[in-house]
Amino acid sequence: LEHKGGRNGEGKPKGVSNRALFRQTPVDANVMEKIKTLKLCEENRAAQRVAKGKVRAFKKEVSPNHKVPVQMRFYPFFGALDPEINKFLGIPKRDKLRLVTTCGTVKQVEEATEASLIATPIEVAFAGRSNVGKSSLINALSLATCARSANVPGYTQSLHFYALRKDLSLVDMPGYGYASAGYDQVDDWNDLVDSYLVSRGKKRLRRVYVVIDSRHGIKQNDREFLHMLSKAKVKFQVVMNKTDACKPSDLAKRWWHVNEEIKRLPNAVHRIHMCSSRTGAGVQEITKELYHLTSHIIGTTSSVQQQQQQQ
């Protein structure tokens, strides 16, 4: 926990513990309302009970043999899909994501781009500590099951490029911090991430979502990574994942501390997402944001296709 007066306890009153300071953290009423409305702190067990009920009702009302939608089975708190989001994600029965390539070096990224393996005009990257849920979040926000994930820290060891239709690439990056790998290998991953973020142009790499654990907030290696992005003038936004493991009041207080730190950093998007990639709560807000990031591209593509059909 970072106190407002300084890092790692600097500037805090003598004799006052971090726990006591955390209890004194103000709670934003709007944030608390959002937490309750989006069911951000509902436990995964409760979400699975809701999912089973929805699946039974679907099979009874539609057909026992009809394929149950992904959000109904795995992400019961994702919420009802808006028409434009439904269109953006594509055909419900088909997996929306497609792994197009994996790259272990920046040179491989450049070669894949030149060979049109990475053909989408826009990229959005997902970074964060090992085992914070980046791959699971990519699956949840696209209502897919394609992104590879595991409970072992450091499972993602290269840049994984997933195409979401023809307009957007979601880049799953190796995690920083603890991983079940040697120090030299972790250093190589860190160099790969830094080189990719700095070398990729702003027109292609539109945003980096930095995923953090809601239970802990911004840790020191998160802080170092955020400052690196800020100095490199890379646009980034914080996503607080794993909210299903938090109490509502603790999550609201943690949000306050994250917000206090983020609003002082240049190139940060001052809107912090809170979500659970396990239950789907709050994830649709990120999906909507991705839609708006690519809406002008989608509109241009549609108009070109209409002109070709008329000709």
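Further up the page is the structure itself.
Note that the structure is predicted; figures quoted are calculated from it, not measured. (Residues numbered from 1 in each chain as written. Predicted model: local features only at pLDDT ≥ 70, side-chain atom pairs only at ≥ 80, totals over all residues. Heavy atoms only, no water.)

Undergrad: Describe the packing of aromatic side chains, and please don't skip the residues or the numbers.
TA: Inspection of the entire model under this criterion finds five aromatic pairs. On the numbers, 6.1 Å between centres and 80° between planes, the contact of Phe161 with Tyr196 is edge-to-face. Of the two residues, Phe161 sits in strand β3 (residues 159-164) while Tyr196 sits in helix α8 (residues 183-199), which places them 35 residues apart along the sequence. As far as burial versus exposure is concerned, Phe161 and Tyr196 are alike and both buried. (Phe/Tyr/Trp six-rings, centres within 6.5 Å; stacked < 30°, edge-to-face > 60°. Helix = DSSP H or I, 4+ residues; strand = E, 2+ residues; numbered from the N terminus. Buried < 20%, exposed > 50% of the residue type's maximum accessible area, 1.4 Å probe, protein only.)

Undergrad: With reference to specific residues and values, describe the environment of Thr243.
TA: When you line up the elements, Thr243 lands in the loop between β6 (236-241) and α10 (248-262). Taking relative accessible area as the criterion, Thr243 reaches 0% and is therefore assigned buried. Expressed as a C-alpha distance, the spacing of Thr243 and Met274, which sit 31 residues apart in the sequence, is 6.9 Å. Not counting chain neighbours up to four residues away, the residues in contact with Thr243 comprise Leu40, Cys41, Ser214, Leu251, Met274, Cys275 and Ser276. (Contact = heavy atoms within 4.5 Å.)

Undergrad: So, the pattern of salt bridges: which residues are in play, and what are the values?
TA: Any two side chains of opposite charge can pair, on the condition that their charged atoms come close. A complete count under the given rule lists twelve salt bridges for this structure. Between Arg200 and Glu123 there is a salt bridge, with the nearest N and O atoms lying 2.6 Å from each other. Taken together, the positions of Arg200 in the loop between α8 and β5 (205-213) and Glu123 in strand β2 (residues 122-128) put the pair 77 residues apart, joining distant regions of the chain. Like Arg200, the residue Glu123 is buried in the burial classification. (Salt bridge = Lys/Arg side-chain N within 4 Å of Asp/Glu carboxyl O.)

Undergrad: So what's going on with the nonpolar core? Which residues, and what values?
TA: Counting 46 residues, the largest nonpolar core has Tyr196 and Val208 as its most contacted members. With residues near it in sequence (within four places) discarded, Tyr196 still touches Val106, Val109, Glu123, Ala125, Leu159, Phe161, Val171, Met173 and Leu205. Counting residues in hydrophobic clusters, the runner-up holds 31 residues, among them Ala140, Leu143, Tyr162 and Tyr209. (Core = buried A, V, L, I, M, F, W, Y, C linked by side-chain atoms within 4.5 Å.)

Undergrad: Help me get a handle on the sheet that holds β2, residues and values and all.
TA: In a beta sheet, neighbouring strands are held together by backbone hydrogen bonds and run either parallel or antiparallel to one another. Pairing within the open sheet is mixed, and its seven strands lie in the order β1-β3-β4-β2-β5-β6-β7. Sheet topology places β1 (97-103) and β7 (273-274) at the edges, where each strand pairs with a single neighbour. Pairing geometry for β1 and β3, over six bridges, is antiparallel. The residue bridging Thr102 from the neighbouring strand is His160, located in β3. Along the sheet, helix α6 (residues 106-114) contacts β1 and β3; its crossing angle with β1, the most-contacted strand, is approximately 130°. Sheet strands touched by helix α7 (residues 134-141): β1, β2, β4 (168-172), β5 and β6. Its angle to β2, the strand with the most contacts, is close to 140°. (Pairing = 2+ DSSP bridges. Axes fitted to C-alpha atoms, helices over the stretch in contact; angles between N-to-C directions.)

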